[in-house]
Amino acid sequence: EILELEREIAKEEGVAYLDEIDIPVERESFQDCPFVIADCFNCFLVLKTKSKQLALIAFRRVGGYRVLALGDDDADEHPLAGKGLRPYGTFEVMNSGWSHEINAVRDKREPYPATTRRITANHHYFFYFKARTFEVLAESLEVLGTFASQEDAYANVLANIGKVQ
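Residues numbered from 1 in each chain as written. Predicted model: local features only at pLDDT ≥ 70, side-chain atom pairs only at ≥ 80, totals over all residues. Heavy atoms only, no water.

Novice: For the nonpolar core, give the residues involved together with the corresponding values.
Specialist: Residues Leu45, Ile57, Phe59, Phe127, Phe134 and Val136 are the most contacted members of the largest nonpolar core, which totals 15 residues. Within the residue set of this core, elements represented by two or more residues are β3 (42-48), β4 (54-60), β7 (123-128) and β8 (133-138). In contact with Phe59, other than residues within four places in its own chain, are Phe41, Asn42, Cys43, Leu45, Tyr125, Phe127, Phe134, Val136, Ala138, Ser140 and Leu141. In terms of nonpolar packing, the next biggest core, distinct from the first, is built from 9 residues, Leu18, Leu85, Val93 and Phe126 among them. (Core = buried A, V, L, I, M, F, W, Y, C linked by side-chain atoms within 4.5 Å. Buried < 20%, exposed > 50% of the residue type's maximum accessible area, 1.4 Å probe, protein only. Helix = DSSP H or I, 4+ residues; strand = E, 2+ residues; numbered from the N terminus. Contact = heavy atoms within 4.5 Å.)

Novice: Explain the pairing of β4 to me, and be specific about the residues and the numbers.
Specialist: Among the 7 residues in β4, 7 count as buried, and that is most of the element. The two faces of β4 match: Leu54, Leu56, Ala58 and Arg60 on one face and Ala55, Ile57 and Phe59 on the other face are all buried. Sheet topology places β3 next to β4; 7 bridges connect them, and they run antiparallel. Paired with Leu47 across the bridge in β4 is Ala55. Joining the antiparallel neighbours β3 and β4 is a turn of 5 residues, in which Lys52 adopts a positive phi near 70 degrees. The sheet contact formed by β4 and strand β9 (residues 140-147) spans 7 bridges and is antiparallel. The partner of Arg60 across the bridge, within β9, is Ser140. (Pairing = 2+ DSSP bridges.)

Novice: Tell me about the pattern of salt bridges, and name the residues and values.
Specialist: Tallying each qualifying case throughout the model produces 7 salt bridges. Where Glu142 meets Arg60, a salt bridge forms, and the shortest distance between an N and an O atom there is 3.7 Å. One end of the pair, Glu142, is in strand β9; the other, Arg60, is in strand β4, with 82 residues separating them in the sequence. For Glu142, a relative accessible area of 33% puts it in the partly exposed group. The residue Arg61 makes a salt bridge to Glu139 at a minimum N-O spacing of 3.9 Å. Here the residue Arg61 occupies a position in the loop between β4 and β5 (64-68), and Glu139 occupies one in the loop between β8 and β9, the gap between them amounting to 78 residues. Given a relative accessible area of 18%, Arg61 falls into the buried group. You can call Glu139 partly exposed: its relative accessible area is 26%. Salt bridges sharing common partners tie together Glu4, Arg7, Glu20 and Arg86. (Salt bridge = Lys/Arg side-chain N within 4 Å of Asp/Glu carboxyl O.)

Here's what the structure looks like:
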């Protein structure tokens, strides 16, 4: 209830806030840092699941990503604190300053309309872990599956590297 109120206030003020999103992955915990693998168009996040497998999440048409050393010790000081942030959540950042900044630069240098671009970065996804946050600007998020071993997960990443969907 409080998180919803925080989001509504931020939305009315026109500032960044977090909308929680549901992804079909039952995470073990958010204590482990994920593996991040990226190419020019895609970013892949590998997470441990409750069943001790590895879930592979693909972000398509990536405009940028970052892993920050912000976690539980910094939660109250995080710029999105009081705007829908809760520990260990998965979110989309609405009214994202980072997204606006990246797209404004792109708008100045690219002569063709945004709808025809190969990289659009329309969404700002945000994952909260115990000692880190992972953020990515991307057109879409897709769970590619769960895998019993790192080798299987990485083989799937390699099969998707360089693909523009």
